[in-house]
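Coordinates in review
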Amino acid sequence: MSLLDLTLRNVRRNFRLYSIYLSSMIIGVIIQFTFLSLMYNQDVIDALQNRQGFQTGVFIASAVIFLFIIFFILYANSFFMRQRKKEFGMYLLYGLSEGQIVRMVFYETLVLGAVSLVAGVLVGGLLSKLFGMLLMNLMRYDQAISLMFPLNAILVTAAMFFLLAVIISVQSWLLVNRVQLTELFHAKHKAEKPVRVSAWLALLAALLVGIAFVIIGSGKQSIFWQDYTKLSLWVSVIGIIGGTYLFFRQLTGWALQTISRRRRYHEGNTVLWASSLRFQIRGNTLNLTFITLFSAVIMMLMSFVTINYQVQFEAVGRNLPNDLAFQSLDSATNKRIDDLIQQSGHQAQFHLTQETLVTNPVTAMNAAFDNPEYFTKDVLLVSEKAFNDIVKHRGDGELVELQGQDAVALSQGSDFPRTYAAGEWPRFTVKADVETAFQLVQKKDYAYLGWASDPAESMGIKPAVLVISDEAYGSLRGHAEHRDFEIYGLSDASTAEELSKQAHAIVTQTPGAYYSSFADVYSKQIEGSSLMLFASGFLALIAMFALASVIYFKQLREATDERQQYAVLRKIGVDNRQIKRAIRKQLLFVFMPPLVLGMLYSWIIIKSYILDSVQDFPELPGIVWSIIGVFFLIYLLLYSSSASLYYKIVNQRP
């Protein structure tokens with residue numbers, strides 16, 4: 001019998017065992033092919049404005065997703081190989097060499113890979129249409145997506161999984177070559193020892209986690225982060241990582257030890273699941289710590305990109321509030337651009353010419369503008385009337401009422417805008433021909449002109465603007481340089497990329513002239529944030545399966561090792577109902593703590609450092625909890641599946 005015949009025979013006879021491994025590979029192929037097919041789908045490419053950026057982003061994301069697939073399948077393979085160590089020992093005993101066994105595993109991987117590739121491509125191709133429509137919906141493009149099976153996507157997926165087969169063969173060779181023949185027969189009989197626990201270390205675990213929660217939950221405006229940033233960062237990191245490790249190593253061990261000392265420990269099925277868990281702590285600590293921390297990272301990533309996507313549509317309008325705005329040039333050039341707009345098909349809904357005064361700041365810029373490095377060095381003064389005029393055209397209700405030396409700083413992008421109480425007004429001095437001091441009554445997160453933009457390079461820098469009272473503006477008007485701006489409101493501004501390119505080419509013939517267009521950023525930001533959300537969803541999905549598989553296969557491996565013990569329990573009268581309950585409680589103790597801790601870590605960080613900064617979007621907390629809920633459901637499904645399969649394994653004859 002040849003190795004290939006032996007391979008096919010193994011697959012047919014042990015299909016139940018192979019099915020777990022095969023399902024892992026099929027999931028990997030589906031995710032990889034679905035994602036890659038969008039990269040080569042011509043309907044998707046035709047709908048995009050930033051095609052090169054999209055394809056680059058998809059390529060990078062697919063590479064990252066493939067790395068997680070490698071981790072996911074290699075971990076499944078390690079479980080698979082452990083289940084077959086006795087079988088490999090028999091092959092070695094009958095005269096097969098280690099190289100022949102590795103070749104047999106390679107052939108098996110190719111057979112399973114071919115099956116998973118065909119099944120994955122068929123399912124992935126069907127899903128690619130659905131996900132293509134979802135991507136277009138995220139980008140708010142009205143583009144029909146055809147059902148396609150791009151040859152390039154099939155070839156790339158096949159090449160990736162052939163590479164994976166080689167990697168799996170190397171892993172298999174290392175696993176077989178590393179152990180002796182007698183070890184292969186007795187690999188399943190190595191028992192772990194219960195870890196020594198200390199009540200003091202258990203208390204330290206709770207203390208570290210608690211301190212981290214207090215510091216993180218205090219928010220970035222607290223004394224911890226304002227005055228002791230580095231120390232707070234280190235304490236938080238040590239508290240989360242060290243506290244999580246000690247939580248699983250000591251706190252859970254101490255809790256199980258306490259349970260084992262209760263008088264009623266031997267009543268019911270407590271002894272069945274608690275004693276088993278005490279012996280698993282040593283082997284599970286690092287896994288559960290890693291799963292907790294990485295789950296928190298994945299949930300934070302998904303929450304961040306979802307929030308970023310959700311606020312992006314309004315954020316683009318806030319960053320570039322004018323459909324088209326540029327510094328007034330000579331009358332002939334202004335007329336040329338006006339004619340260009342009229343002929344473009346984007347009707348001008350309004351056109352304002354706004355006058356400003358150019359001054360130099362005497363007071364430090366950070367007194368009026370957060371992150372002053374993103375603002376121009378000079379400060380533009382705008383009259384109350386001119387500002388309110390443009391606000392009325394926008395219809396966003398940001399009108400101001402000023403008198404005397406009152407001023408409002410337009411600190412666009414400020415995380416913490418504020419209105420100053422009477423008597424607490426900071427002074428801000430500017431200089432033209434003369435120095436003039438203003439009292440800041442408000443620091444407003446609002447843009448008068450917004451970021452300068454470029455059709456090719458997106459956003460540049462934003463003008464620093466103070467809104468002052470009409471009387472103060474009138475008294476300064478003869479003592480400062482004037483700088484006028486032409487501001488247009490356009491119909492269908494989000495699709496005015498071509499108009500913007502032509503207008504930008506005219507304006508930039510004057511070096512340093514200000515130019516801003518909503519269309520320059522809209523397509524890039526929306527397509528970029530949509531792709532980020534889409535890719536992150538795929539990444540989170542495969543990452544969660546990979547992380548959950550660490551628990552899943554670890555528990556199934558332990559179930560295989562414990563079949564003998566459960567056989568003994570049946571002989572002494574423990575019925576199946578008690579065994580099922582014990583298994584559910586045992587696995588619940590393993591699945592739930594990393595999920596709950598990960599959920600708490602991700603929520604408190606997102607709440608304190610993102611949600612508190614975007615309070616204008618009341619729907620965001622619900623979105624974050626929905627994401628956390630999806631992760632909870634995935635873990636719940638894996639927990640149920642693991643408990644069912646665990647029972648089937650221990651119910652088999654050892």
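Coordinates for the structure precede this section.
Notes on the packing of helix α9 (residues 199–217) against helix α11 (residues 229–260)
The geometry of α9 relative to α11 is characterised by a closest axis approach of 7 Å and an angle of 145° between their N-to-C directions. The element α9 and its partner α11 pack so that their crossing is left-handed. Of the residues in the contact of α9 with α11, the class split is 17 nonpolar, seven polar and no charged.

Describing a nonpolar patch on the surface
A surface patch of nonpolar side chains, amounting to about 490 Å² of accessible area, comprises L110, F162, V166, V170, W173 and L174. Considering each element in turn, the nonpolar patch owes the most residues, five residues, to helix α7 (residues 151–177). Turning to its location among the elements, F162 is positioned in helix α7.

Things to note about a positive patch on the surface
A contiguous patch of positive charge on the surface is contributed by R577, K580, R581, R584 and K585. Its place among the elements puts R581 in helix α19 (residues 576–609).

Digging into the side chain of S500
Note on placement: S500 falls in helix α16 (residues 497–507). Residues contacting S500, with those up to four places away along its chain left out, are P455, Y515, S517 and D520.

Focus on the packing of helix α13 (residues 331–343) against α16
Where α13 meets α16, the axes come as close as 10 Å, and the angle between the chain directions of the two elements is 175°. Taken together, the axes of α13 and α16 lie roughly antiparallel to each other. The residues of α16 that touch α13, namely those facing T333, R336, I337, L340 and I341, are L499, Q502, A503, I506 and V507. Residue classes in the contact of α13 with α16 are distributed as seven nonpolar, two polar and one charged.

Considering the packing of aromatic side chains
Per the counting criterion, the structure on display carries 12 aromatic pairs. On the basis of an interplanar angle of 15° and a centroid distance of 6.3 Å, the ring pair of F326 and Y488 is categorised as stacked. With F326 in strand β1 (residues 324–327) and Y488 in strand β11 (residues 481–490), this pair connects stretches of sequence that are 162 residues apart. Considered together, F326 and Y488 belong to a single accessibility category, that of buried residues. Relative to W451, the ring of Y374 lies with its centre 6.1 Å away and its plane at 55°, an arrangement referred to as tilted. Here the residue Y374 occupies a position in the loop between β2 (348–361) and β3 (375–383), and W451 occupies one in the loop between β7 (435–444) and β8 (453–454), the gap between them amounting to 77 residues. A relative accessible area of 42% places Y374 in the partly exposed class. Judged by its relative accessible area of 12%, W451 is buried. A connected cluster of aromatic rings, assembled from ring pairs, spans F369, F375 and F428.

Comments concerning the pattern of salt bridges
On inspection of all chains with the given rule, the structure shows five salt bridges. Among the salt bridges present, the one from K443 reaches D370, with a minimum N-O distance of 3.1 Å. On the criterion of sequence distance, the pair formed by K443 in strand β7 and D370 in the loop between β2 and β3 is long-range, its members being 73 residues apart. The class of D370 is partly exposed, set by a relative accessible area of 24%. The shortest N-O distance in the salt bridge between E398 and K444 comes to 3.0 Å. Taken together, the residues span a long stretch of sequence, with E398 in the loop between α14 (384–394) and β4 (406–410) and K444 in strand β7 at a distance of 46 residues.

Looking at the pairing of strand β6 (residues 427–431)
Bridging between β2 and β6 involves two bridges; their strand directions are antiparallel. Across the sheet, P361 pairs through a bridge with V430, a residue of β6. In terms of strand pairing, β6 meets β7 through five bridges, oriented antiparallel. Within the sheet, the bridge partner assigned to T429 lies in β7 and is A437. The hairpin turn running from β6 into β7, its antiparallel successor, is three residues long.

Topic: the side chain of T376
Relative to the elements of secondary structure, T376 occurs in strand β3. Separated by 3.1 Å, the side chain of T376 and the backbone oxygen of D378 make a polar contact. Among the polar contacts listed, one links the side chain of T376 to the backbone nitrogen of A464, at a separation of 3.1 Å. Leave out the neighbours within four places in its chain, and T376 touches M365, I461, K462, P463 and A464.

Notes on the environment of Y647
Mapped onto the elements, Y647 comes out in helix α20 (residues 620–650). You can call Y647 buried: its relative accessible area is 14%. For Y647 and I579, which are 68 residues apart along the polypeptide, the C-alpha to C-alpha distance reads 7.9 Å. Discounting residues that sit within four places of it in the chain, Y647 has contacts with R570, N576, I579, K580 and I583.

Section: unusual backbone geometry
With a phi angle near 55°, N371 is a residue other than glycine that sits in the positive phi range. Tracing the backbone shows N371 in the loop between β2 and β3. Using a relative accessible area of 43% as the deciding quantity, one classes N371 as partly exposed. In this structure, D492 takes a positive phi of about 50° despite not being glycine. Overall, D492 belongs to the exposed group, its relative accessible area being 54%.

What counts, and where the lines are drawn
- Residues numbered from 1 in each chain as written.
- Predicted model: local features only at pLDDT ≥ 70, side-chain atom pairs only at ≥ 80, totals over all residues.
- Heavy atoms only, no water.
- Axes fitted to C-alpha atoms, helices over the stretch in contact; angles between N-to-C directions.
- Helix = DSSP H or I, 4+ residues; strand = E, 2+ residues; numbered from the N terminus.
- Left-handed = near helix turned anticlockwise from the far one by under 90°.
- Nonpolar A, V, L, I, M, F, W, Y, C, P; charged D, E, K, R; others polar.
- Patch = residues over 30% accessible without salt bridge, like charges linked within 9 Å, V, L, I, M, F, W, Y side chains within 5 Å.
- Areas by Shrake-Rupley, 256 points an atom, 1.4 Å probe, with all protein chains shown as cover.
- Salt bridge = Lys/Arg side-chain N within 4 Å of Asp/Glu carboxyl O.
- Lys, Arg positive; Asp, Glu negative; His and termini not counted.
- Charge placed at Lys NZ, Arg CZ, Asp CG, Glu CD.
- Contact = heavy atoms within 4.5 Å.
- Parallel < 35°, antiparallel > 145°, perpendicular 65-115°, else oblique.
- Phe/Tyr/Trp six-rings, centres within 6.5 Å; stacked < 30°, edge-to-face > 60°.
- Buried < 20%, exposed > 50% of the residue type's maximum accessible area, 1.4 Å probe, protein only.
- Pairing = 2+ DSSP bridges.
- Polar contact = N/O pair within 3.5 Å; in protein donor to acceptor, adjacent residues only side chain to side chain.

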